[in-house]
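Overview (structure and organization)
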Amino acid sequence: MEKKQKEIFEQVANTIRGLSIDGVQKANSGHPGLPLGCGEIGAALWGAFLRFDSTDEDAIWRDHFVLSAGHGSMFLYSALHLAGYDVSLDDLKNFRQKGSKTPGHPEALDTEGVEVTTGPLGQGVANAVGMALGLKVLGQKYNREGFPIYDNKVIALAGDGCLMEGVSHEASSLAGHLCLDNFILLYDRNNITLDGAFSDSCSDDDVQRYKSYGFDVVEIENANDMAEVYEVLMSLREDQKRPTLVVCNTVIGFGSPNKAGTHKVHGSPLGEEEVAATKKALGLPSESFFVPADVKDFFSEVNARQKKYKLKYEQMFASYKNTYPELAKEIETRKDHSLPKELKKELMDITFEEKIGGRKASSAAIQVIAKHYPALIGGSADLSGSDCTKLEDFGIINRAQFDGRNIKYGVREFAMAAMANGISTVHLRPFTGTFLCFSDYMRNAIRLASLSKHSTIFVFTHDSIFLGEDGPTHQPVEHVASLRAMPGLDVFRPGDAHEAVGSWWVALHKKEGPSVLIFTRQNLPTLEETKKDYEETVAKGAYILIEEDKSRPIDITLIGTGSELHLAKEVHATLSSDKFNKNVRTVSMPCMDIFERQDKSYKESVLPRKAGLVVSIESGTSFGWERYTGRNGVNISVDTFGKSEPIEDLQQDFGFTVDSVVEQIVTSLQTVSH
C-alpha cells in the first residue's frame, strides 16, 4: 500500500471514528467501542473492497454487507454516509432519536444500505450465510460462460459475542459444509465483552474451530494497521476458494486514551472530555460531525469507480439478454414474486383422499407450486421425510451442485430460520420445515423476520398433543398462541386439506412479512364445506363453515381450527339434533391475524354480537381465545402439558371427543341460564 494511499484510508478510518463517537455522545446512548476499533475495516470495505451502488439497493452486481454485531451501528451509519447512501449528517446527529433513520441497532426498513435487521448477536452471521447460499443458487441457475451475472461477495462483521452465540456455530458449520466460497466472516476479536474480559467467560480456539468447519482462516495481527487490513481483504477479492474467517485483532475503543481496551468503552458514551481527548489522539479536529474535504473527494472517486463497474456490468447484462432472453427475463422479474394465473386452478384441482394429514396436503401443494414458481426454495432441519417439505422433482443442494431447491439444514433450527431470512433478501422465496415444538429454537429469527418484513414462510408440522406417543417433550401446547402474539406474523392452522392448500396460496401472496403454516401429523377428514375459492375462506382469516337456522336466534357459535375443525362439525350436528335442538353456527378460523385485518362489517357477519354462547375448540392453550369467546364463553383447550400415549387415549383424557365437548357446552348453558 503506497504511503499516499495509506494516508487517505487512515483519514477515512478516523472520520468513521469521529462521526461515530459524536453520534453516540450526542444521543448520550450507544456503543462507541466497535466503531473506534473497526475504523480501518470500514475504510478498506467501503473505500476499496465492496462493490456497491448507493442509489440502487437492488443492483444485482453489488456485494452484501451485514453488521452482525449490530450494537456498533454508528460504524455502519457513518460508513454509509461517507459512501453516498441516503444517510445525511443530520441523520447521524439524530442517532437513536424519535423518527430517526439511524436507530440504535440497524433496521433494514429504516435505513438505506442496511441489508438486514441485526442486534440479537450471531443472527447476522446466519443471515449472511443465507445470502451467500442464495447467491450461489442464483449463480448456478443463471451464470453462463463469459457471463458472471451473480459474482457477489457476502461479508459479515461479527464480534466475540456473535461467535459465542450458538446460531453462529450452526450457520458457520453449514457454510463450511457447503463450501460457500463467496462468504467472508470478519471477526472483530478485541477480547472484551460488555461485562469485562472475554477470557472471563470463554476460552475457545476459534481458529481451530473454523478450520474444522472447513473455512480458510486468515489472521490480521493488527487490525488497526491500515496497510495490513487492506492487503488481507483485497487478497480475498479475487482469490477465495472457501468460506473465509478473517480474524481481526482490534483494540476496542481504539484511540480513546483512558478507555481503549476496556469494557468501559463497549456500551456507554465516552463523555465530552474523553471525546475531546480521543479526537486529539487521532488527529481529528474538535468540530463535531466533521468530514474532511479530502475524504469527500476520495468517496467521489470511489463512487465514480462504482459507476464504471455498473456500466460494465450493464453492458454485459445487455449482451446476456440477447443471448439468453428467457433467463434475463426471469432475473428482471424475480423480485416481483409474481405467480402465474394457472397456479390457483391447479391447486384447487388437487384431489384428496377422504382422510389425509395436513403435512401431506401441504406436500401436494408445494409440488405444484414449485413447478410454476422458480423462486421457491425449501429446506428442513433434518425432518423432510416427516414434515413432508421435500420438493420431489428438484435436487438437494450440496457443495458441488447448487441447482437443487432442497436445503438440508441438518439439526440447526435457529440457523435455518435466520438463514432463510437472509435467502429472502436476494429475491428467492424460502420456506423451512420442522416440528412445531421446535419453533422455540427459531423464535428470535421468526421475530426478526416479522420486524424486517422478510417474506419467509415457516412450515411446522406435528402441531398438537395428538402427535401421540412421542410425549409432552414433542407435543406443542402454548406454541400456536405464542406465535399468534407476534406482530406482523400471519399464523395459519388449517382444518383440512383444502384449507392447507389455501394457506399456501394466501401466504405466497403476502409480499411483505413472514407467515407460519401449521399442519397436523395425523389424518383429518377432507371436508366438503371447505372446498371453495380461497378468497372466500382462508384469505378472510375466518368464515362461516356451517350456517345456523336463519329464522331463529343463534344459541351457540362454535369456532374450530386445525385438527379440531372436523370435531366442531360433528359437535354442530349433535347439538342441532332433536335431542338438543340448539341453533348452531360453526366458524372455521384458519388465521386469526388475517381475520383481525378484515373490516368491522365482515367480522360482525362472521361473529356477530348476538352469537349466543361462543365456544372455541383448539388443542392448544386457551390463551388468546377470550378475544372471541368473551368472559362467559367456553374454551375447549389444553392448558397443561400432554402425555405419551396413543391419540385415542389423548382425545379421551383431554376432552376432545364429541360427547365431552357437548357435555361441557350443555353444562355451561345451564350455568348461564341459572
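Residues numbered from 1 in each chain as written. Predicted model: local features only at pLDDT ≥ 70, side-chain atom pairs only at ≥ 80, totals over all residues. Heavy atoms only, no water.

1. Re the overall build of the protein
For the protein, the count of helices and strands is 26 helices and 20 strands. For 674 residues, the compact-globule formula gives about 26 Å, and the C-alpha radius of gyration of the protein, at 28 Å, lands near that figure. Projected onto its principal axes, the C-alpha positions of the protein cover 95 × 60 × 45 Å. Per-residue burial over the protein gives 61% buried out of 674 residues. Taking all contacts inside the protein whose residues are at least 6 apart in sequence as the whole, residues at least 24 apart take part in 76%. Working note: accessible area of the protein is about 26,900 Å², and carbon and sulfur atoms make up 47% of it. (Helix = DSSP H or I, 4+ residues; strand = E, 2+ residues; numbered from the N terminus. Rg over C-alpha atoms; globule rule 2.2 N^0.38 Å. Buried < 20%, exposed > 50% of the residue type's maximum accessible area, 1.4 Å probe, protein only. Contact = heavy atoms within 4.5 Å. Areas by Shrake-Rupley, 256 points an atom, 1.4 Å probe, with all protein chains shown as cover.)

2. Thoughts on the nonpolar core
Residues Leu45, Trp46, Phe65, Leu133, Phe183 and Leu186 are the most contacted members of the largest nonpolar core, which totals 132 residues. Looking at this core, the element that brings in the most residues is helix H6 (residues 123-142), giving eleven residues. The next biggest cluster of nonpolar side chains, apart from the first, holds 35 residues, and it includes Ile366, Leu391, Ala497 and Ala507. (Core = buried A, V, L, I, M, F, W, Y, C linked by side-chain atoms within 4.5 Å.)

3. Quick word on the environment of Glu596
By the secondary structure assignment, Glu596 is in helix H22 (residues 592-596). Using a relative accessible area of 31% as the deciding quantity, one classes Glu596 as partly exposed. Residues Glu596 and Gly541 lie 55 residues apart in sequence; the distance between their C-alpha atoms is 7.7 Å. The contacts of Glu596, once residues within four sequence positions are left out, are Lys603, Arg627 and Tyr628.

4. Section: a negative patch on the surface
Together, Glu469, Asp470, Glu648 and Asp649 give the surface a local cluster of negative charge. Here Asp470 shows up in the loop between strand S12 (457-461) and helix H19 (479-484). (Patch = residues over 30% accessible without salt bridge, like charges linked within 9 Å, V, L, I, M, F, W, Y side chains within 5 Å. Salt bridge = Lys/Arg side-chain N within 4 Å of Asp/Glu carboxyl O. Lys, Arg positive; Asp, Glu negative; His and termini not counted. Charge placed at Lys NZ, Arg CZ, Asp CG, Glu CD.)

5. With respect to the pattern of salt bridges
Pairs can form between side chains of opposite charge whenever their charged atoms are close. Considering all chains together, one arrives at 35 salt bridges under this definition. A salt bridge links Lys279 to Asp22, with the shortest nitrogen-to-oxygen separation between them at 2.8 Å. In this pair, Lys279 sits in helix H11 (residues 272-282) while Asp22 sits in helix H1 (residues 3-27), placing the two residues 257 residues apart along the sequence. You can call Asp22 buried: its relative accessible area is 5%. Taking the shortest distance from any N to any O, the salt bridge between Arg609 and Glu604 comes out at 3.8 Å.

6. Side note on the sheet that holds strand S17 (residues 556-560)
Strand order in the open sheet formed by five strands is S16-S18-S17-S19-S20, with mixed pairing between adjacent strands. In the strand order of this sheet, the two ends are held by strand S16 (543-546) and strand S20 (634-636), each with one partner. Neighbour to neighbour, the strand axes of the sheet diverge by 25 degrees on average, direction disregarded. In this sheet, S20 lies alongside strand S19 (residues 613-617) in parallel orientation, the contact comprising three bridges. Counted as the bridge partner of Ser616 is Asn635 from S20. Across the face of the sheet, helix H21 (residues 565-576) comes into contact with S16, S17, strand S18 (584-588) and S19 while running at roughly 175 degrees to S18. (Pairing = 2+ DSSP bridges. Axes fitted to C-alpha atoms, helices over the stretch in contact; angles between N-to-C directions.)

7. Some thoughts on the sheet that holds strand S10 (residues 406-408)
Hydrogen bonding along the main chain pairs the strands of a sheet, whether they run parallel or antiparallel. The strand order across the open sheet built from six strands is S10-S9-S11-S12-S14-S13, with neighbouring strands paired in parallel fashion. Either end of the sheet is taken by a strand with one partner, and the two such strands are S10 and strand S13 (490-492). Geometrically, the sheet is characterised by an average inter-axis angle of 20 degrees between neighbouring strands, direction not taken into account. In this structure, S12 lies alongside strand S14 (residues 515-518), joined through four bridges in parallel fashion. Note on S14: the bridge partner recorded for Ile457 is Ser515. Those strands touched by helix H18 (residues 439-452) are strand S11 (429-435) and S12, and its axis lies near 160 degrees from that of S12.

8. With respect to the packing of aromatic side chains
Enumeration according to the criterion identifies 25 aromatic pairs in this entry. Arranged with centres 5.6 Å apart and planes meeting at 80 degrees, the rings of Phe466 and Phe656 form a pair that is edge-to-face. On the criterion of sequence distance, the pair formed by Phe466 in the loop between S12 and H19 and Phe656 in the loop between helix H25 (647-653) and helix H26 (658-673) is long-range, its members being 190 residues apart. Since its relative accessible area comes to 5%, Phe466 is described here as buried. Residue classification places Phe656 among the buried positions, given a relative accessible area of 5%. (Phe/Tyr/Trp six-rings, centres within 6.5 Å; stacked < 30°, edge-to-face > 60°.)

9. So, unusual backbone geometry
The backbone phi angle of Asn191 is positive, close to 65 degrees, even though this residue is not glycine. Relative accessible area serves as the criterion here: at 40%, Asn191 is assigned to the partly exposed category. We note that Asp382 has phi near 65 degrees; this positive angle belongs to a residue other than glycine. Relative to the helices and strands, Asp382 resides in the loop between strand S9 (376-380) and helix H16 (384-387).

10. A short note on the packing of helix H8 (residues 166-177) against helix H9 (residues 206-213)
In contact at an axis separation of 8 Å, H8 and H9 are set at 45 degrees when each is read in the N-to-C sense. One way to sum up the angle between H8 and H9 is to call them oblique. Of the residues in H9, those in contact with Ser168, His169, Ser172, Ser173, Gly176 and His177 of H8 are Arg209, Tyr210 and Tyr213. Looking at side-chain class alone, the contact of H8 with H9 contains two nonpolar, six polar and one charged residues. (Parallel < 35°, antiparallel > 145°, perpendicular 65-115°, else oblique. Nonpolar A, V, L, I, M, F, W, Y, C, P; charged D, E, K, R; others polar.)

11. Things to note about helix H10 (residues 226-238)
What H10 keeps buried is the set Met226, Val229, Tyr230, Val232, Leu233, Leu236 and Arg237. Where H10 is buried, its residues touch H1, helix H3 (39-49), strand S3 (183-189), strand S6 (216-220) and strand S7 (244-249).

12. Quick word on the side chain of Asp188
By the element assignment, Asp188 lies in strand S3. Put simply, Asp188 is tucked away with no salt bridge, and the nearest opposite charge, on Arg189, sits 8.8 Å away.

13. Focus: helix H12 (residues 293-323)
The end-to-end C-alpha distance of H12, which contains 31 residues, comes to 45 Å, matching closely the 45 Å that a straight helix rising 1.5 Å per residue would cover. Every buried residue belonging to H12 is among Val295, Phe298, Phe299, Val302, Asn303, Gln306, Tyr313, Met316, Phe317 and Tyr320, and all of these are buried. For H12, the elements touching its buried residues are H1, H3, helix H4 (73-82), H6 and helix H13 (325-333). (Expected span 1.5 Å × (residues − 1).)

14. What to know about the pairing of S12
Burial within S12 is extensive, with five of its five residues counted as buried. Judged by which residues are buried, S12 turns out to be covered on both faces: Ile457, Val459 and Thr461 on one side and Phe458 and Phe460 on the other are all buried. As paired elements, S11 and S12 share five bridges and run parallel to each other. Looking across to S12, one finds that Thr432 is bridged to Phe458.

15. A word on the environment of Arg17
The residue Arg17 is located in helix H1 in this model. Considering only alpha carbons, one finds Arg17 and Thr640, 623 residues apart in sequence, at a separation of 54 Å. With sequence-adjacent residues up to four places away left out, Arg17 is seen in contact with Pro35, Leu36, Gly37, Gly39, Glu40, Asn224, Phe254 and Leu282. At 2.5 Å, the side chain of Arg17 and the backbone oxygen of Leu36 are in polar contact. (Polar contact = N/O pair within 3.5 Å; in protein donor to acceptor, adjacent residues only side chain to side chain.)

16. Observations regarding the packing of H1 against H11
Each packed pair of helices is defined by two parameters, the angle between the axes and the distance between the axes. Remark: H1 packs on H11, axes separated minimally by 11 Å, with the N-to-C direction vectors making an angle of 175 degrees. Looking at the two axes, H1 sits roughly antiparallel to H11. Contact residues: Asn14, Arg17, Ile21, Asp22 and Gln25 in H1; Glu272, Val275, Thr278, Lys279 and Leu282 in H11. When its residues are assigned to classes, the contact of H1 with H11 shows three nonpolar, three polar and four charged.

As far as function goes, none of this settles anything; it's purely spatial.
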